[in-house]
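# Secondary and tertiary structure notes
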Amino acid sequence: MAAPETAMRRVTAINNGTVLDHIPAGKALLVLKMLGLDGEMATPVSLVMNVPSGKMGGKDIVKVEDRELTQSELDRLALIAPHASVAIIRAYNVAEKRVVNLGEEVVNVISCCFNNCASLGAREPLDHRLKVATHEPLSLRCHYCGRTQDMDTLVDNLL
Ligand SMILES: [Zn+2]
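All of these numbers come straight from a predicted model, not from anything done at the bench.

How each quantity is defined
- Residues numbered from 1 in each chain as written.
- Predicted model: local features only at pLDDT ≥ 70, side-chain atom pairs only at ≥ 80, totals over all residues.
- Heavy atoms only, no water.
- pLDDT = per-residue confidence, 0-100.
- Helix = DSSP H or I, 4+ residues; strand = E, 2+ residues; numbered from the N terminus.
- Domains from an automatic or database assignment.
- Contact = heavy atoms within 4.5 Å.
- Buried area = accessible area lost by both parts, 1.4 Å probe.
- Salt bridge = Lys/Arg side-chain N within 4 Å of Asp/Glu carboxyl O.
- Polar contact = N/O pair within 3.5 Å; in protein donor to acceptor, adjacent residues only side chain to side chain.
- Buried < 20%, exposed > 50% of the residue type's maximum accessible area, 1.4 Å probe, protein only.
- Pairing = 2+ DSSP bridges.
- Axes fitted to C-alpha atoms, helices over the stretch in contact; angles between N-to-C directions.

This part takes up the confidence of the model for the protein. Residues of the protein with pLDDT of at least 70 account for 92%, and the chain-wide mean is 86. Ranking the elements of the protein by mean pLDDT puts helix 1 (residues 3-11) last, at 52, and strand 8 (residues 139-142) first, at 95.

Printed below as a string of structure tokens:
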């Protein structure tokens with residue numbers, strides 16, 4: 001029988017919204033933070049954590065009800081869940097599948113983690129630009145000061 005379909009049905013049991021699958025285990029809360037969904041919770045969100053997953057060992061799933069995440073919101077996710085798969089749900093069905101895409105540069109999502117960076121003290125506001133130095137594992141380098149970012153504190157510097 002079609003096991004993947006059964007699994008998919010389990011995670012798509014919301015009427016309308018967005019399902020984020022294949023998030024690395026333990027990162028679901030970080031995903032909510034990056035999407036700005038950890039605050040006042042205007043949108044119902046459900047988390048499924050530590051689901052056994054053949055590919056990844058374990059994974060988290062996030063279901064966001066009544067909200068279709070935009071591509072730019074999804075691209076932020078690539079910073080912590082580059083292999084996430086995204087389904088837009090309408091009337092209990094998968095209406096669209098999206099992929100997260102980090103690209104070559106992350107612009108105006110996170111600021112450089114070095115306080116003395118020129119991008120932070122500039123008189124004229126500068127775009128926050130972090131270049132993707134390597135994808136696996138992910139490392140980012142500031143466009144201005146050239147320094148490699150501390151991935152553990154990345155989320156603290158979200159704009
Ligand atoms: Zn910098």
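More follows now that the structure is in view.
Attention now moves to the domain arrangement of the protein. As assigned here, the protein comprises domain 1 (3-99) and domain 2 (105-157). Distance from the C-alpha centre of domain 1 to the C-alpha centre of domain 2: 26 Å. Taken residue by residue, the interface counts seven residues in domain 1 and nine residues in domain 2. A buried area of about 620 Å², summed over both sides, lies between domain 1 and domain 2, and 73% of it is on carbon and sulfur atoms. On the domain 1 side of the contact with domain 2, Lys33, Arg76 and Leu79 bury the most area, a combined 67% of that side's loss. Counting every contact that joins domain 1 to domain 2 gives one salt bridge. Residues aspartate 156 and lysine 33 are paired through a salt bridge, measuring 4.0 Å at the closest nitrogen-oxygen approach. Across the contact surface, domain 1 and domain 2 share one residue pair in polar contact (both at pLDDT 80 or more).

Proximity of charged atoms lets side chains of opposite charge pair with each other. Under the defined criterion, the tally for this structure stands at eight salt bridges. Taking the shortest distance from any N to any O, the salt bridge between aspartate 21 and lysine 59 comes out at 3.0 Å. Linking aspartate 21 in strand 1 (residues 17-24) with lysine 59 in strand 3 (residues 57-65), this pair joins segments that are 38 residues apart in sequence. With its nearest N and O atoms 2.2 Å apart, the salt bridge here joins arginine 67 to glutamate 73. Owing to a relative accessible area of 17%, glutamate 73 belongs among the buried residues under this scheme. Each of the salt bridges in this network shares a partner with another, and the network as a whole consists of Glu68, Arg90, Glu96 and Arg98.

Before going further, it helps to spend a moment on the sheet that holds strand 6 (residues 105-107). Spatially, 6-7-8 is the arrangement adopted by the three strands of the open sheet, whose pairing is antiparallel. Taken across any chain shown, the strands that pair with only one partner, and hence form the sheet edges, are strand 6 and strand 8. Ignoring strand direction, the axes of neighbouring strands in this sheet form an average angle of 30°. Sheet topology places strand 7 (residues 129-134) next to strand 8; four bridges connect them, and they run antiparallel. Within strand 8, the position partnered with lysine 131 by the bridge is arginine 141.

Glancing now at the side chain of glutamate 73. Relative to the helices and strands, glutamate 73 is located in helix 3 (residues 71-77). A distance of 2.9 Å separates the side chain of glutamate 73 from the backbone nitrogen of threonine 70, its partner in a polar contact. Discounting chain neighbours no more than four positions away, the residues touching glutamate 73 are Leu35, Arg67 and Glu68.

Taking burial as the measure, the eight residues of strand 1 include seven buried ones, the bulk of the element. In this sheet, strand 3 lies alongside strand 1 in antiparallel orientation, the contact comprising six bridges. Residue valine 19 lies in a different strand from strand 3, and its bridge partner there is lysine 63. Here five bridges tie strand 1 to strand 4 (residues 85-90), and the two strands are oriented antiparallel to one another. Residue pairing in the sheet places valine 19 in a bridge with alanine 87 of strand 4.

The five strands lie next to each other as 2-3-1-4-5, forming an open sheet whose pairing is antiparallel. Of all the strands in the sheet, just strand 2 (45-53) and strand 5 (93-99) have a single pairing partner and so form its edges. Mean inter-strand twist for the sheet, computed between neighbouring axes without regard to direction, equals 20°.

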